[in-house]
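# Notes for the structure review
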Amino acid sequence: MAVKYLIRLDDACPTQNRDNWKMIEDILDNYEVKPIVAVIPDCKDPSLAYDKPMENFWDIVRDWEKKGWTIGMHGYQHLYVTMDKRKSIIPIHNKTEFAGLSYEIQAEKIKKAWEIFVSNGIKPKIWIAPSHTFDHNTLKALLNHTEIRIVSDGFAFDVFKYHDFFFIPQQLWKFIKPPLEYPFRLFTICLHPNTMSKGEILAVEKWLKNYRELFINFNQLEFKNRNWSILEKFINNYIWFNKGTFKVLKLIIKKFSKQR
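What comes next concerns the included structure. Just so you know, these numbers come straight off a predicted model, no measurement behind them. (Residues numbered from 1 in each chain as written. Predicted model: local features only at pLDDT ≥ 70, side-chain atom pairs only at ≥ 80, totals over all residues. Heavy atoms only, no water.)

## Remarks on the environment of Ile 89
We apply this condition: Each helix is a run of H or I in the DSSP string that is no shorter than four residues. Each strand is a run of E no shorter than two, and both are numbered from the N terminus. In what follows, residue pairs with any heavy atoms lying within 4.5 Å of each other are defined as contacts.
Residue position: Ile 89 is located in the loop between β4 (81–82) and β5 (95–96). Separated by 147 residues in the primary sequence, Ile 89 and Asn 236 place their C-alpha atoms 8.7 Å from one another. Residues within four places of Ile 89 in sequence aside, it is in contact with Phe 134, Asp 135, His 136, Leu 139, Tyr 162, Trp 228, Asn 236 and Asn 237.

Structure below.
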């Protein structure tokens, strides 16, 4: 079975880079690819002020949902504090909106975020943590205060079950056709339309033109009770999100693939 790919778009907010988002949306629509889109419910991050705030932002989000895009709750306000990345389930950054904070603080943020979505007629299906950083208190708060039971993040070969949640692995930031398909079954490619160059956006169209059959939509996923394996956890914690060790892993995979 060939490895499949999902596309995820991060940092949708009222001040998003409208031209870039429109270009990406047109490309995806043309190839009938329906991404996961990470929507910030109450964005206060000044670094995401690319355009004047859109008064009709939630109309746009509802339109995305109507045409089959999968809406994810991308944190609360996208404001960070510094922390040790080892406190996060995904040890990728030393900044966070959630990981390492008390359950009470996280629960309050998640309750407010969920209420904003619901007040705008949307119930997001997926949790998407800003900067990929969250911990077990985050999952507990989601379990207690939202209807979300799916997370987009982490290294794995396929969808897995962990602490009452299904996880859709998110391992890439650009399209890479792997030299080895087995044991890989699913990759999510995380894109940030706000900061993409025109060339990077056109590269997305090239991926789809050449490999459209490899790209699937959320509704094509199978959610099975597969555990997160020890090997996958090890790669998640020590290799995939560490630039140095990831380079070594790529060399090993490349060498092994040539010997087949």
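Back to the write-up after that little detour.
## Quick look at the pairing of strand β10 (residues 186–191)
Keep this limit in mind: For each residue, the accessible area found with a 1.4 Å probe, counting protein chains only, is set against the maximum for its type, and the residue is called buried under 20%, exposed over 50%, and partly exposed in between. Two strands qualify as a pair provided DSSP detects at least 2 bridges between them.
For β10, a buried count of six out of six residues is recorded, marking the element as mostly surrounded by other parts of the structure. With burial as the criterion, each face of β10 is covered, one bearing Leu 186, Thr 188 and Cys 190 and the other bearing Phe 187, Ile 189 and Leu 191. Relative to β10, strand β1 (residues 4–12) is paired through six bridges, and the arrangement is parallel. From the neighbouring strand, Lys 4 faces β10, where its bridge partner is Leu 186.

## Remarks on the pairing of strand β3 (residues 70–73)
Which entries qualify depends on this criterion: The path from the first strand over the helix to the second decides the hand: if it runs clockwise while the strands point away from the viewer, the crossover is right-handed.
Along β3, one buried face is formed by Thr 70 and Gly 72 and the opposite face, lined by Ile 71 and Met 73, is buried too. Pairing geometry for strand β2 (residues 36–39) and β3, over four bridges, is parallel. Bridge pairing in β3 places Ala 38 opposite Gly 72. Each parallel crossover has a hand, and for β2 linked through helix α2 (residues 57–66) to β3 it is right-handed. Sheet analysis places β3 next to strand β6 (residues 126–127), joined by two bridges and oriented parallel. Paired with Met 73 across the strands is Trp 127, a residue of β6.

## Section: the packing of aromatic side chains
Applied cut-off: Only the six-membered ring of Trp is used, alongside the rings of Phe and Tyr, when aromatic pairs are assigned; centres must lie within 6.5 Å, and planes under 30 degrees apart are stacked while those over 60 apart are edge-to-face, with the rest tilted. For a Lys NZ or an Arg CZ to count as sitting over a ring, it must be within 6 Å of the ring centre and within 35 degrees of the ring normal.
Overall, the coordinates contain 27 aromatic pairs when judged by the stated rule. For the pair Phe 157 and Phe 184, a centre-to-centre distance of 5.3 Å together with 80° between the ring planes defines the contact as edge-to-face. Remark: Phe 184 occurs in the loop between β9 (165–168) and β10 and Phe 157 occurs in the loop between β7 (150–152) and β8 (160–162); sequence separation between them is 27 residues. On the accessibility criterion, Phe 157 (12% relative accessible area) is buried. Ring geometry for Phe 218 against Phe 223: centres 5.7 Å apart, planes inclined by 55°, an arrangement best described as tilted. Take Phe 218: its relative accessible area is 10%, and that puts it in the buried class. Note on Phe 223: relative accessible area 29%, which makes it partly exposed. Of the aromatic side chains, those joined through ring pairs into one cluster are Tyr 5, Phe 155, Phe 157, Phe 175, Phe 184, Phe 187, Trp 207, Tyr 211, Phe 215 and Trp 240. Over the face of the ring belonging to Phe 166 we find Lys 161, whose NZ or CZ atom lies 4.8 Å from the ring centre.

## Some remarks on the packing of helix α1 (residues 18–30) against helix α5 (residues 198–211)
To keep things clear, this is the line we draw: Where helices are involved, their axes are fitted lines through C-alpha atoms of the stretch in contact, as for all axes, and angles between N-to-C directions lie from 0 to 180°. These descriptions rest on fixed angle ranges, namely under 35 degrees for roughly parallel, over 145 for roughly antiparallel, 65 to 115 for roughly perpendicular, and the rest for oblique. Following the grouping adopted for this structure description, the nonpolar residues are Ala, Val, Leu, Ile, Met, Phe, Trp, Tyr, Cys and Pro, the charged ones are Asp, Glu, Lys and Arg, and the polar ones are all others, Gly among them.
The geometry of α1 relative to α5 is characterised by a closest axis approach of 10 Å and an angle of 10° between their N-to-C directions. Viewed along their axes, α1 and α5 adopt a mutual orientation that is roughly parallel. Contact with α1, carried on its side by Asn 20, Met 23, Ile 24, Ile 27, Leu 28 and Asn 30, involves Lys 198, Ile 201, Val 204, Glu 205 and Leu 208 of α5 and no other residues of that element. Taken together, the residues that form the contact of α1 with α5 break down as seven nonpolar, two polar and two charged.

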